[in-house]
Structure formats: C-alpha cells, structure tokens
Amino acid sequence: MKIVAVYSSKGGVGKTATAVNLAYVASRSGQRVLLCDLDPQGAASFYYRIKPKKSFNRDRLLQGRFEHYIRATDFDGLDLLPAHFSFRNLDLALRDEKQAKKRRVLGKLLQPLAKDYDYAILDCPPNLTFLSETIVTAADCVITPVIPTTLSLLALEQLIKLLKKIDCDRRKVISFFSMVERRKTMHQQIMEKYGGYPIFLQTVIPFMAEIEKMGLSRQPVGAGGQQSPAHRAYELLWQEIRQKKLVT
Amino acid sequence: MEPLRQLVLVFQPAMEAEPLIEQLRQHFIVEEQGRQGDIETFYDTFDWRLYRKQLLCVGVGRSRSLLSFDGTKHGMIEDLGPGLKFWWEMTPSEVRETLREIIDVRALLPMAALETDKRHYRLLNDDEKTVVRLTIRADVPVGDGAPDQLGEVMTINELRGYQEAFDSVHRLCLAYGLTPLDSDSWLAQRAFSGSPRTPLDYGDKFRVELARDSDVGTAIVQICGHLLREIEFNRQGVYDDVDTEFLHDFRIAIRRTRSLLSLLKKQLPIREGSYFRSEFKWLGGVTGKLRDIDVYLLQKEAYLAMLPSRLRPGLDGFFADLEQHRRHELKLLRRHLSSKRYRSLLSDWRTFLVADDSPLFGESSRESCRELADRTIRKRFRAFLRKGEAITDDGPDSDMHNLRIQGKKLRYLLEFFRSLYDEKFLEQFVKQLKKIQDNLGDFNDLCVQEEMLGDRLDGLGGSGRGVLLQAAALGGLLTVQAKKRGALRDQFAATYAAFSSSQNRELLASLIGSDQRPEVRAGRQ
C-alpha cells in the first residue's frame, strides 16, 4: 500500500478537491483505495455523503482500532475513513510521544490495512504542526496543490523546510498548480517563473465551476460523467503522479 | 479487515418482488439502477476442471468472467473473438493466466445456460448515501427438459461500515417470507439445474466401487462398463476434434480395456476374449498416429525452447508438415469411428457386458474377485521385478520398453481393484510405482521422439537454406534429446533399486493382506 498525502499548510488551495477526485480516479483504474479524511472539518467525508459512526473519535483512531469505522463510498474499490470533530486536536494527543516515535505513528496505524488497499490517500488539515511531521514521514508521496500566488508558494517553501528539518527525503514532494485562472496576470507570471522547476507537474487544474459545485452535487466530478473536463484533468494529474514512480 | 457479507434469498413460488420493494421504501430511499437481460452461458472443460476448483466461467456476449460458486467475480475479459475455446485465444490478462493453469490444453465448452433478468437497486439513507445494494434476478434455464423457471433470487450486499442497514434489510426480507439459499454455491446449483450434463459426471481418477464379495464376472462388467462409457463419452469429442484430451482419454479407456482383457484372459471365454482383444487392438492402433502427432504439436514450445533462437525457424516447416499430416490422420480416424467395424465392436461389447446370457454370468466367472485380484497383483509385481532385475546398464533400450509395459499392467490392475483394498496402502504403493513409471515413461517418450526426428532427418532431401535450417534444427533437437535420454537411463538403476526395496515389497504384502476401508464396508451393509 502506498500512502499519498495531499498536504499544504495553507488553506483553500484545493486539497480536499484533489484528494476526493484523485481517490475516485485511482479507484476507477481498478486500484483499491482508502481515502482518509484527517481534516476535522470533514469536507471529504461530506463530498462522499459519509458521516462517522457515533462511537468514532480521535482516540479510536490513535489506538489503531479504526477498521470498523471505515465506510464504503458509493463507488467500487473506494472506501473512506471519515473525519471526526475530535481530530482537531490530534496534535495534542501526539504531544506526549517521543519526537521520533511520534513521526512514525501514522505509518504504523495504517500498516494493518496494507493488504486491503493499494493506496491510502490522506486529505490533510491545513497546518504546520506535529501532525504535519507525522504525515510527511508516513507518506510515500506528498502532493501539494499550489495556487499561483505568493502565499501559496510560501506554503510549499515551508513544507520543504520542514522536510529538511526532520531529515526526510525532499524528493517525495510533488506539486502542481491548482485553481489556475489564466486571465489573471499574476497567475501567468508565477507559473512562467516556477513552472519549469522539477517539483512542479505539467498538469494544472484550472479553476472550474464544476469543482466548486461538488459542494452541491456531493460527489467527485467524474461521477457526473466521465467526459467532464475537470474529471479529465484529474485523470491526467493522477497519470503524471504515477509516472513519478513514487507511488507505483 | 472483515470480509463483506453477501446473502442470497429466494422468493417463494408466486411471491412478488414489488411489495417487498415498497416495504423497503419505508426505511430507505430505494433507487432502481437498471434492468439487464442476458443469456449467461456457463463454460467448463469436458472433465469439469473449473468446477473442481469451485469456479464458474460465465460468458455473456463476447465477454468471459470467472466467478466463485457464490457469484463473486474474480475477473473478466471482454471483446473476445467468436467461437473461442482455448486460453491461448484470449487476450493476456489475469483471467487468462488462471484459466491457463487450470484448463491447460482443454477446450472450454458450453455446459449450461440461463436466460437471466436482473434488476439492480441501491438503498440510500437520508444523506442519499448508498448503504445496501440489492439485485433481484429471475432465471430461465435454456435447453430441452430444463425446468421452466427457477424462483427469483435476491442478493443483498453489505457495504463497509453499514452493517446495521444490511441487517435491517435482511430482517425485512425474512419477515416478507424469503428463504435463504446456500450462499456458498447458489449460483453453481442454479447454473447447472437445467443442464443435460451433471457436474463432475466425467473425469478425475479412475474409480469403480466393487462390492467386497464381488465375483469376477460382476467385476469385469462393472469395470468394463465404466470404460465403455468413457469410450462412448469421448468418441464425439474425438470426431469433432474439440481438443486433444478427448483422443487421449479415449485411448486410455481402450488401453485399460485391452489390459483387462489380457490380464483376465483365463477368466474370459476363449472365442469372445480373442475377438474383443483383437478388435480393441485394432481400435487402439488406428488412433495411435493422431495421438503421436498431437504429442509433438503440444510440445512445440518445449521443442523451440531447446534450440538457440537462430535455429528455431528451422522447425517452421517441420510443424507445418505435422499440421498437414494431422489433418490427414484425423480424416482417416473419422472414417474408422464411423465404420461398421467400430459400431459392431461397441455394440457386441455392450451386449457381452449386459446380456442375461452373457458368459460373464456363467459358472466360470463365479470366482471371488478379491482372490483373483490378490493373485494377479502379486504375479504382476513379481513379473515386473523379474524384468527389472534383468536390466543392465548396457542392455538394449527394448528391455526398458518391456519393463514399462509390465509397469502399466500392474498399475492398471491396482486401479481396477482399488476399491477392494485399504486406500492408504494402495496410495502409498502407487506413489512408489509412479516414480519408476515416470522414469520409464519419459525414457520411452524420448526414444519414440528421437526415432521420429531421426526419420524426419533421413527423409530430408534437396538443397537450399530451408532444408539446411531444418536439418540443423533437427540435429539440435536430437542432441538435446539424446542427452536427456542418457540421463534418464543413468537414473534408472537408482530409481529401480528404490522401487524394488524390501520396504516396498512389504508394502505390497500389507496391501494384499489389507481390507477395504471400514466406512466402505459399512456403507454396503
């Protein structure tokens, strides 16, 4: 099982839309996928219309007894571990663990599911904390959506810095431009300046009403039709990620 | 993780599905996802190789799916060519690989078909999230003599994390009056309920259940009756050239029959015995050439692999000629199988086995079968050892060949009468015998092949690159084969010594002193 974290310390860059749609695309190609909604806001769970069971919470997650809380989505081969409000203080719960041990917590928790899934795709909360260290340590690949704006780039820079600090392989970070609006000069300029860096994928995900509307349709863009341009864009994105060999 | 549950329930006759769906609507949002009518054809090899592995190969249109007996899908291949029979005609895929291992050289034949009508439903909760999936299927078996309709069946599939919904649908269905089907094999039972074939009606190990106190005549009737059925079973497949195993099995049944006729020569009336021996010899003879060619063609890949790649094209002409030769031999064999001689032989044989006034039921056949079996097995074992001891490292190959024949006779005897003995001793002894038989069999195969390849080489004429290439390829094969044959001959002494050991002699003595398994005896009382 490969662990793919969709992570950025900045909010509103399209992390959840990326995680939700990549998980769908991967499962469509015959892979068994577990989407883990680690963001206490629970947007990924919302998109898949899944509520956690009443008995589920942060402690159950950390005790590793969360198999029973995984729920099937409406799509073959795609299950979801729903978010819980108590996830907001996952960091606190990790506080008492030793530094190095703490970083391995998430990987260990997911280990028992390795035979059940080909991919665990993590939708991560936007912060830069202990939890972030745990996530990047566990992940085989960290996907960071970047809106072509200065602040968003800064978040990517911070991530690289974090990896360096915890002595983690920086090559596991893959980035792509998200929510791109071609008519915005700044978007164009930033993409021209940074688009050639090897960390950036060629595929970009434009700003599309279709993706915005997922909040109403409550399903991945591809579920409404395989011809959807947004779905096609996520398919290309997944293909390009797979070509990087980090996740195959 | 826990496996997901699937339940299969059947509607009682005259019970409608619609009111149940209405009841479910009181608890869930019920969405009909579509209706699908298909003809599902269930394929298997003639000897049920898939069924033995608890697998079903289901064809719908140009696709083939591999399913468990409970309908769980393992894989699917689409867009297959029409009239597909063999695994090598399929597109590379996991399904093809699984089939390759199980069906090997056998053809997939349609064994049964169902006309199905499936309705798929999703049950949603208040968030409009799917929590249970349902399918209702109605089946009509296709074929003469099949039942008109099988009761409608509902499958309920659990979705991970929604156990309560699954349980509640289950309760509602039971309360409505649906009854559970054997959820592990319901589809297999359904599939073959209207089939002219009964699953496992052919194949696997040769086994005839003889009564403990059976007399010789009755035993011959039972064993030969079984073999006759195998001959008749395979005849059409040989004639239609469905796959090479039909002829192989056909020949084995003939060989076993011949072996029994010669082993029990003294117990059979002279005139009939000699007539059937000579006629079955004829039948064995006329099927031999085609089988030889089949063996070479089946070895094509192995032959090619023996040669370095630059010599391989030399075999193209060789195999093309074999194919042509095969067509000719098949034509000849078809003629024999349709001949008066063949029909008379089988009908005379059947009459001999079943007619009330058959000499098999006369005074001379009253001897206890067990006594005869003990005696003959002991005698054959001794004969085998006598011939085996006489083989020397530099003796002629024909000695090995003769010993092989002796081994076969002994093996057939053990198989004919296996039900009279303790299974454990018998299996152990056969296992030991098989080791030496394998050595002798492989050696003989190589001799026969070498002779054929040598004849082919001698017969090459003319000049040109094609002839040169073929000669080089045949030379290459002959070299490899001769080396292998030498190695087998070298192994013989050790293999034989192991077989003729005092332990094996004692094992045979225990076997002959043994009795049927207690449960077999109990079953007959």
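Just so it is clear, the model here is predicted, and its values are computed rather than measured.

A. Structural view of the overall build of chain B. When helices and strands are tallied, chain B shows 17 helices and 9 strands. Seen along its three principal axes, the alpha-carbon backbone of chain B occupies a region of about 85 × 70 × 50 Å. Counting the 525 residues in chain B, one finds 30% classified as buried. The long-range fraction of contacts in chain B, counting pairs at least 24 apart against all pairs at least 6 apart in sequence, stands at 70%.

B. Fine view of helix 7 (residues 244-263) of chain B. The end-to-end C-alpha separation of helix 7 of chain B is 29 Å, in line with the 28 Å expected for 20 residues at 1.5 Å each. Burial runs high along helix 7 of chain B: 14 of the 20 residues are buried.

C. Expanded view of the pairing of strand 4 (residues 63-68) of chain B. All names here are of chain B. As defined by bridge partners, strand 3 (residues 55-60) adjoins strand 4 across 6 bridges and the pair is classed as antiparallel. When the sheet's bridge partners are listed, Val 60 is paired in strand 4 with Ser 63. Remark: 2 residues form the turn of the hairpin made by strand 3 and strand 4, two consecutive strands paired antiparallel; Gly 61 in that turn has positive phi of roughly 60°. Here strand 4 runs beside strand 5 (residues 73-77); their pairing, made up of 4 bridges, is antiparallel.

D. Seen up close, the nonpolar core. Of all hydrophobic cores here, the largest spans 74 residues; its most connected members are A:Val4, A:Ala5, A:Ala23, A:Leu35, A:Ile121, A:Leu122 and A:Ile135. When residues in this core are grouped by element, the largest group, 8 residues, is from helix 1 (residues 15-28) of chain A. If you look at the next biggest cluster of nonpolar residues, it comprises 53 residues, including B:Leu210, B:Leu260, B:Phe280 and B:Leu511.

E. Molecular detail of the environment of B:Cys173. Turning to its location among the elements, B:Cys173 is positioned in helix 4 (residues 163-176). Along the primary structure B:Cys173 and B:Met154 are separated by 19 residues, whereas in three dimensions their C-alpha atoms are 9.1 Å apart.

F. Spatial organisation of the interface of chain A and chain B. On the chain B side, the residues contacting the 11 residues of chain A number 9 residues. Residues that form the side of chain A that touches chain B fall into these classes: 4 nonpolar, no polar and 7 charged.

G. Up close: the confidence of the model for chain B. Residue and element names in this part refer to chain B. Put simply, chain B has an average pLDDT of 91, and 97% of its residues get 70 or more. The secondary structure element of chain B with the lowest average pLDDT is helix 17 (residues 518-524), at 43, and the one with the highest is helix 2 (residues 49-52), at 97. Below a pLDDT of 50 lies the segment residues 518-525, which in the model reaches 5 contacts outside its immediate sequence neighbourhood of four places, other chains included. If you check the scores for this complex, the pTM reads 0.80 and the ipTM reads 0.86.

H. Fine view of unusual backbone geometry. Residues and elements named next belong to chain B. Notably, Trp 48 is not glycine yet its phi reads approximately 60°, a positive angle. Assignment of secondary structure puts Trp 48 in the loop between strand 2 (29-44) and helix 2. The class of Trp 48 is partly exposed, set by 18 C-beta atoms lying within 10 Å. The residue Asp 241 is not glycine, and still its phi comes out positive at about 55°. Its place among the elements puts Asp 241 in the loop between helix 6 (216-239) and helix 7.

Criteria and thresholds
Each chain carries its own residue numbering, running from 1 in the direction its sequence is written. Just so you know, chain letters begin at A and ligand numbers begin at 1, following the order they were written in. Per-residue local features are limited, in this predicted model, to residues with pLDDT of at least 70; the limit for side-chain atom pairs, both in listing and counting, is 80 or more; totals at the level of whole chains, interfaces and linings are taken over all residues. The secondary structure listing takes helices from DSSP runs of H or I that are at least 4 residues long and strands from runs of E that are at least 2 residues long, numbered from the N terminus. Once C-beta atoms are placed from the backbone, each residue is buried if 20 or more other C-beta atoms lie within 10 Å of its own, exposed if 12 or fewer, and partly exposed for counts between those two. Contact definition: two residues whose C-beta atoms, as placed from backbone geometry, lie within 7 Å. Under the convention used throughout, the expected extent of a helix is 1.5 Å for every residue step, that is, one less than its residue count. Strands are treated as partners if at least two bridges between them are detected by DSSP. Structurally, a nonpolar core is described as a collection of buried Ala, Val, Leu, Ile, Met, Phe, Trp, Tyr and Cys residues joined by way of C-beta atoms within 7 Å. Nonpolar residues are Ala, Val, Leu, Ile, Met, Phe, Trp, Tyr, Cys and Pro. Charged residues are Asp, Glu, Lys and Arg, and all others, Gly as well, are polar. The predictor attaches a confidence to each residue, and that confidence, scored 0 to 100, is pLDDT.

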